[in-house]
Amino acid sequence: MIITANGGFGLKKDILSYEFENLCDYFESIGEKKFRAKQVYEWLHSKKVKNFDEMSNISLSLRTKLSEEFCINGIKIVKKLESSMDNTVKYLYELSDGNHIETVLMDYKHGNSLCISTQVGCKMGCKFCASTIAGFKRNLLPSEMLQQIYTTEEDSGRHVDSIVLMGIGEPLDNYDNVIAFLKMLSDKDGRNMSLRHVSLSTCGLVDRIYDLSEYKFGLTLSISLHAVNDKKRSEIMPVNNKYSISELLKACRYYIEKTGRRISFEYAVIHGVNDTAEDACGLIGLLKGINCHVNLIPVNEIKERDFKADRKALAEFSAMLEKGGLNVTTRRTLGTDINAACGQLRREYEI
């Protein structure tokens, strides 16, 4: 595996994206002992050094060799917005190639949760999402996902207790890099975070849901459903033209059976579009018998779209679902004074 990044002096191998096993293979190939790989891995992911010179228990000759062949891929803050209402912090980060992504730090009773991006832009074209408006540019590397955690913690002084892959991009469209990121995040010699504290949100790439099931990671899979029939879902979520709701729910049942984990269905409530009594009845029928939780989300109002949220209608919709036997919550709206919905800050900055 050779992953490259702009290290400031042209393309070098991105050592922060190497899983531990890959790092062991590299050190073996240059005649070094395996314990050197563990030392370097801990410097990168536990001590979070920014250059090889800081690795004090590594010989000068080896540090020189590493710096010639590798870079430690970093990101930098170009804009930071702090909410005066609820302790939410939104970061606009610049990557080594000049692209931009967003990361949002949120304060909950259970601790600090970080919503990270997995791509620069998005291909999925969901009509209510600001992330897709500027189009797709590239996938993020594992290092760039990890650095959103490391850099946010360093800047904020707050420990990140849980991760949500729900920022810019579709995580399962960047499948290989996301899988590597999850393995590194949970590695005992690295961050050592239990994946039970991770939620991965997808618009429903059915083939990849089956693939993900085989790992039995223990994470929470969040499915962006947002409509109860194929006609309406295809209108607001083009992915439904490839994978119908019935195919998606079949994959969800498989995931639950394979992993033993409950699924969360995300439902952005758009007034006059998907919040009628008929929609509520349809949702109850669709999810009957599935071990799941429904998370209602007031749709984010963005200037490029005329979708609106209506709190009264949302409350009535929620009550109908609960009466129908579904486990329902309504997501807290955080950072409204700083436009914390993903995609907005990047779009405004790059225009």
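Here the residue numbering is sequential within each chain, running from 1 through the sequence in written order. In view of the model being predicted, local features appear only for residues whose pLDDT reaches at least 70, and side-chain atom pairs are presented and counted only at 80 or more, with totals across whole chains, interfaces and linings using the full set of residues. Only hydrogens and water are removed before side-chain values are computed, so all heavy atoms of the structure are retained for them.

Student: Please clarify how the overall build of the protein should be interpreted in this entry.
Tutor: Each helix and strand in the protein was counted, giving eleven helices and 15 strands. We compute the radius of gyration from the C-alpha atoms alone; for a globule the expected value is 2.2 Å times N to the 0.38, where N is the number of residues. Compactness check: the protein gives a C-alpha radius of gyration of 21 Å against a globular reference of 20 Å for 351 residues, within 12% of the reference. Expressed as lengths along the three principal axes of its C-alpha atoms, the size of the protein is roughly 70 × 40 × 35 Å. Taken across its 351 residues, the protein has 56% of its residues classed as buried. Partitioning the contacts of the protein with sequence separation of at least 6, the portion at a separation of at least 24 is 65%. Under this rule, positive means Lys or Arg and negative means Asp or Glu; His and the chain ends count for nothing. The atom standing in for a charge is NZ when the residue is Lys, CZ when it is Arg, CG when it is Asp and CD when it is Glu. Computed over 47 positive and 47 negative side-chain charges, the separation of the two mean positions in the protein equals 2 Å. Labels follow the DSSP assignment, with helices taken as runs of H or I lasting at least four residues and strands as runs of E lasting at least two, numbered in each case from the N terminus. Partly exposed describes any residue whose relative accessible area lies between the buried limit of under 20% and the exposed limit of over 50%, with all areas from a 1.4 Å probe on protein chains only and scaled to the type maximum. The criterion used for residue contact is that any of the two residues' heavy atoms lie within 4.5 Å.

Student: What's the story with the pattern of salt bridges in this structure? I'm lost.
Tutor: Close approach of charged atoms lets side chains of opposite charge pair. Take a side-chain nitrogen of Lys or Arg and a carboxyl oxygen of Asp or Glu: if they are within 4 Å of each other, that pair is a salt bridge. What the rule picks out here adds up to 16 salt bridges. Of the charged contacts in the structure, one is a salt bridge between E102 and K90, with a shortest N-O distance of 3.0 Å. Of this pair, E102 sits in strand β6 (residues 100-108) while K90 sits in strand β5 (residues 89-94), placing them twelve residues apart in sequence. As far as burial versus exposure is concerned, E102 and K90 are alike and both buried.

Student: I would appreciate a short explanation of helix α8 (residues 245-259) in the present structure.
Tutor: In an α-helix, one full turn covers 3.6 residues, which means residues spaced three or four apart are oriented alike. In a helix, the anticipated span is given by 1.5 Å times the number of residues less one. The terminal C-alpha atoms of α8 lie 21 Å apart, and with 15 residues this matches the ideal 21 Å at 1.5 Å per residue to within 8%. Considered for burial, the residues of α8 that qualify are I245, L248, L249, A251, C252, Y255, I256 and T259. When α8 is viewed along its axis, its buried side chains cluster within an angular range of 155° and face the same direction. Exposed and oriented more than 90 degrees from the buried face of α8 are S246, K250 and E257. Where α8 is buried, its residues meet α6 (206-213), β12 (220-224), α7 (230-236), β13 (263-269) and α9 (277-287). Where α8 terminates, the next one or two residues include G260, which has phi positive at roughly 75°. What the arc describes is the spread of directions from the helix axis to the C-beta atoms.

Student: Would you take a moment to explain the layout of surface pockets for this structure?
Tutor: Over the atoms, a rolling probe the size of a water molecule traces out where space has been left empty. Note on definitions: the grid is 1 Å and covers protein atoms alone; a cavity is a set of points where a 1.4 Å probe fits but cannot get out; a pocket is an open set with protein on both sides within 12 Å along at least five of seven lines; lining residues have an atom within 4 Å of a point. Grid points are joined across faces, edges and corners, and a volume is the space filled by probe spheres set on the points. One number sums up the size of the second largest pocket: a volume of about 230 Å³. In terms of residues, the lining of the second largest pocket owes the most to one element, helix α4 (residues 142-156), which gives four residues. Gly falls in the polar group here, along with every residue not listed as nonpolar (Ala, Val, Leu, Ile, Met, Phe, Trp, Tyr, Cys, Pro) or charged (Asp, Glu, Lys, Arg). Here the lining of the second largest pocket is built from residues that sort into six nonpolar, three polar and three charged.

Student: Would you mind showing me how to read the nonpolar core here?
Tutor: When a protein is soluble and globular, its nonpolar side chains tend to lie buried together. Core analysis: the biggest nonpolar cluster contains 98 residues, and I163, F265, L283, L287 and L321 have the highest contact counts within it. Among residues more than four places away in sequence, those in contact with F265 are I223, L225, L249, C252, L287, I290, C292, H293, V294 and N295. The definition of a nonpolar core used throughout is a set of buried Ala, Val, Leu, Ile, Met, Phe, Trp, Tyr and Cys residues joined through side-chain atoms within 4.5 Å.

Student: Looking at this structure, how should I read the pairing of strand β4 (residues 76-82)?
Tutor: Successive residues of a regular strand alternate their side chains across the two faces of the sheet. Any two strands are treated as partners once DSSP identifies two or more bridges connecting them. Relative to β5, β4 runs antiparallel, the two being bridged by six bridges. Across the sheet, the residue bridging to L81 is K90, located in β5. Counting the residues in the hairpin turn of β4 and β5 gives six residues, including N87, whose phi is positive at 70°.

Student: I keep staring at the packing of aromatic side chains and nothing clicks. Help me out?
Tutor: How two aromatic rings sit relative to each other is given by the distance of their centres and the angle of their planes. Classification of ring pairs rests on two measures: the distance between centres of Phe, Tyr or Trp rings, Trp counted by its six-membered ring, which must be within 6.5 Å, and the angle between planes, read as stacked under 30 degrees, edge-to-face over 60 and tilted in between. The tally for this structure, following the rule as stated, stands at eight aromatic pairs. Ring centres of Y26 and F27 lie 5.4 Å apart, and the angle between their planes is 75°; on these two criteria the pair is classed as edge-to-face. Pair check on accessibility: Y26 and F27 agree, each one buried. For the pair Y215 and F217, a centre-to-centre distance of 4.9 Å together with 10° between the ring planes defines the contact as stacked. Taking the relative accessible area as the measure of exposure, Y215 reaches 35% and is therefore partly exposed. By way of ring pairs, the aromatic residues Y18, Y26, F27 and F70 are connected into one cluster. Whether a charge sits over a ring comes down to the Lys NZ or Arg CZ being within 6 Å of the ring centre and within 35 degrees of the ring normal. The ring centre of W43 lies 4.0 Å from the NZ or CZ of K47, which sits over that ring. Note that K123 overlies the ring of F136, its terminal NZ or CZ placed 4.7 Å from the centroid.

Student: What am I meant to see in the pairing of β6 here?
Tutor: With seven of nine residues buried, β6 lies mostly within the body of the structure. Here six bridges tie β5 to β6, and the two strands are oriented antiparallel to one another. In the strand pairing of β6, Y93 is matched with I101. Counted along the chain from β5 to the antiparallel partner β6, the turn is five residues long, and its residue G98 has a positive phi close to 90°. As judged from the five bridges shared by β6 and strand β7 (residues 111-116), these two strands associate in the antiparallel manner. Its bridge partner being in β7, D107 is matched across the sheet by N112. Linking β6 to β7, which pair antiparallel, is a turn of two residues.

Student: Looking at this structure, how should I read the environment of N241?
Tutor: You can see N241 is positioned in the loop between α7 and α8. In the structure, N241 is positioned 76 residues away from L165 in sequence and 24 Å away in space, judged by C-alpha atoms. Under the rule applied, a polar contact is a pair of N or O atoms within 3.5 Å (in protein, one hydrogen donor and one hydrogen acceptor; residues adjacent in sequence only if both atoms are side-chain atoms). Of note is the side chain of N241, whose polar atom sits 3.4 Å from the side chain of S234.

Student: What's the story with unusual backbone geometry in this structure? I'm lost.
Tutor: Leaving glycine out, the prevailing phi sign among residues is negative, and the prevailing peptide bond configuration is trans. You will see that N192, though not glycine, has its phi angle at about 60°, which is positive. Looking at where N192 falls in the secondary structure, it is placed in the loop between α5 (175-186) and β11 (198-202). Positive phi, normally seen in glycine, also occurs at K216, with a value near 50°. Looking at where K216 falls in the secondary structure, it is placed in the loop between α6 and β12.

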